[in-house]
Amino acid sequence: MMSNKVSRRQFLSYTLMGVGGFMASGMLMPMVRFAIDPVLQQSGGGDFIPTSQKVDDLTEIPVRVDFTIKDRKDAWYYSDVSNTAWVYKNGDTIIALSPVCKHLGCTVNWGGDETHPDQFFCPCHAGRYMKNGDNVKGTPPTGPLDEYEVKVEGGLLYIGKTVSNTLV
């Protein structure tokens, strides 16, 4: 019969590998949890945020509407986030466009360019958008402005999540 004795050197080697593996898994588990945690969270993207904008006061001229997302969770930190939309009426339809330029993320303004008063203008690189959010060809923006979902409740405007522009 052959003896399967473990030498002192093998015993220490096995022990150190086991302890090292245990410590490595202890360090990796929080990183793995951090990476998959957003996937496990419930999405609150369908929530509508109230604004102070009365729907009856809206016209065909876009107006800036500010709204605040309360207790927005970013990883483990909660904060209030202020946001803006350009809102106007097109017939009976309410249109709310994101002010974020598709070129480099600057904020667009309505009528900000004196030579094109009926367009959205991005002051960063002279980008222009039509009233429906379509980017003017030959200017820096690479796509149309995003659109917000909207609903009316109690005569006030509620703004939802951002969607791709449906007007162009």
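Keep in mind the model is a prediction, meaning the values are calculated, not measured.

Undergrad: Would you take a moment to explain the overall build of the protein chain for this structure?
TA: Counting secondary structure elements, the protein chain contains one helix and nine strands. Secondary structure elements of the protein chain, listed N to C terminal, follow the sequence α-β-β-β-β-β-β-β-β-β. For the protein chain, the C-alpha radius of gyration of 27 Å lies well beyond 15 Å, the compact-globule estimate for 168 residues. Considering only C-alpha atoms, the protein chain reaches an extent of 95 × 40 × 25 Å along its principal axes. A burial count over the protein chain gives 27% of its 168 residues as buried. In the protein chain, 41% of the contacts between residues at least 6 apart in sequence involve partners at least 24 apart. Accessible area of the protein chain: about 11,600 Å², with a carbon and sulfur share of 56%. Put simply, the protein chain has 16 plus and 18 minus side-chain charges, and the middle of one group is 17 Å from the middle of the other.

Undergrad: Which parts of the structure should I look at to understand the environment of Leu97?
TA: Positionally, Leu97 belongs in strand E4 (residues 93–97). Spatially, the C-alpha atom of Leu97 lies 9.2 Å from that of Pro62, the residues being 35 residues apart in sequence.

Undergrad: Help me understand the pairing of strand E1 (residues 49–54), please; the structure alone is not making it clear to me.
TA: It is a general feature of regular strands that their side chains alternate between the two faces of the sheet. Burial of the side chains of E1 is restricted to one face: Ile49, Thr51 and Gln53 are buried, whereas none of Pro50, Ser52 and Lys54 on the reverse face is. Sheet topology places E1 next to strand E9 (residues 156–163); three bridges connect them, and they run antiparallel. The residue of E9 that forms the bridge with Pro50 is Tyr158.

Undergrad: Can you walk me through the packing of aromatic side chains in this structure?
TA: The description of two aromatic rings rests on the distance between their centres and on the angle between their planes. Summed over all chains, the structure comprises three aromatic pairs. These aromatic residues form a ring-pair network of at least three members: Trp86, Trp110 and Phe120. Lys151 extends its terminal NZ or CZ atom over the ring of Tyr158, reaching a point 5.7 Å from the ring centre.

Undergrad: Where do I start with the pairing of E4 in this structure?
TA: Here E4 lies mainly inside the structure; four of its five residues are buried. Inspection of the sheet shows strand E3 (residues 77–90) paired to E4 by five bridges, in the antiparallel sense. What sits directly across from Lys89, in E4, is Ile94. If you look at the hairpin formed by E3 and E4, you'll find two residues sitting between the two strands, and Gly91 has a positive phi there, around 70 degrees.

Undergrad: Sorry, what's going on with the pattern of salt bridges here?
TA: Here the idea is simple: oppositely charged side chains can pair when their charged atoms come close. Under the counting rule described, the total for this entry stands at three salt bridges. Across the salt bridge formed by Asp66 and Arg64, the nearest N and O atoms sit 3.1 Å from each other. Lys102 is paired through a salt bridge with Asp146; the nearest N and O atoms lie 3.0 Å apart. With Lys102 in the loop between E4 and strand E5 (109–110) and Asp146 in the loop between strand E7 (127–129) and strand E8 (147–153), this residue pair connects regions lying 44 residues apart in the sequence.

Undergrad: Help me understand unusual backbone geometry in this model?
TA: Glycine aside, negative phi is the norm for most residues, and most peptide bonds take the trans geometry. Unusually for a residue other than glycine, Ala126 sits at a positive phi of about 60 degrees. Owing to a relative accessible area of 41%, Ala126 belongs among the partly exposed residues under this scheme.

Undergrad: Honestly, the side chain of Asn135 in this entry has me stumped. Any pointers?
TA: Assignment of secondary structure puts Asn135 in the loop between E7 and E8. Given a relative accessible area of 9%, Asn135 falls into the buried group. A polar contact is formed between the side chain of Asn135 and the backbone oxygen of Pro141, at a distance of 3.2 Å. Not counting residues up to four positions away in its chain, the partners in contact with Asn135 are Arg128, Tyr129, Pro141, Thr142, Gly143 and Pro144.

Rules and cut-offs
Residues numbered from 1 in each chain as written. Predicted model: local features only at pLDDT ≥ 70, side-chain atom pairs only at ≥ 80, totals over all residues. Heavy atoms only, no water. Helix = DSSP H or I, 4+ residues; strand = E, 2+ residues; numbered from the N terminus. Rg over C-alpha atoms; globule rule 2.2 N^0.38 Å. Buried < 20%, exposed > 50% of the residue type's maximum accessible area, 1.4 Å probe, protein only. Contact = heavy atoms within 4.5 Å. Areas by Shrake-Rupley, 256 points an atom, 1.4 Å probe, with all protein chains shown as cover. Lys, Arg positive; Asp, Glu negative; His and termini not counted. Charge placed at Lys NZ, Arg CZ, Asp CG, Glu CD. Pairing = 2+ DSSP bridges. Phe/Tyr/Trp six-rings, centres within 6.5 Å; stacked < 30°, edge-to-face > 60°. Lys NZ or Arg CZ within 6 Å of the ring centre and 35° of its normal. Salt bridge = Lys/Arg side-chain N within 4 Å of Asp/Glu carboxyl O. Polar contact = N/O pair within 3.5 Å; in protein donor to acceptor, adjacent residues only side chain to side chain.

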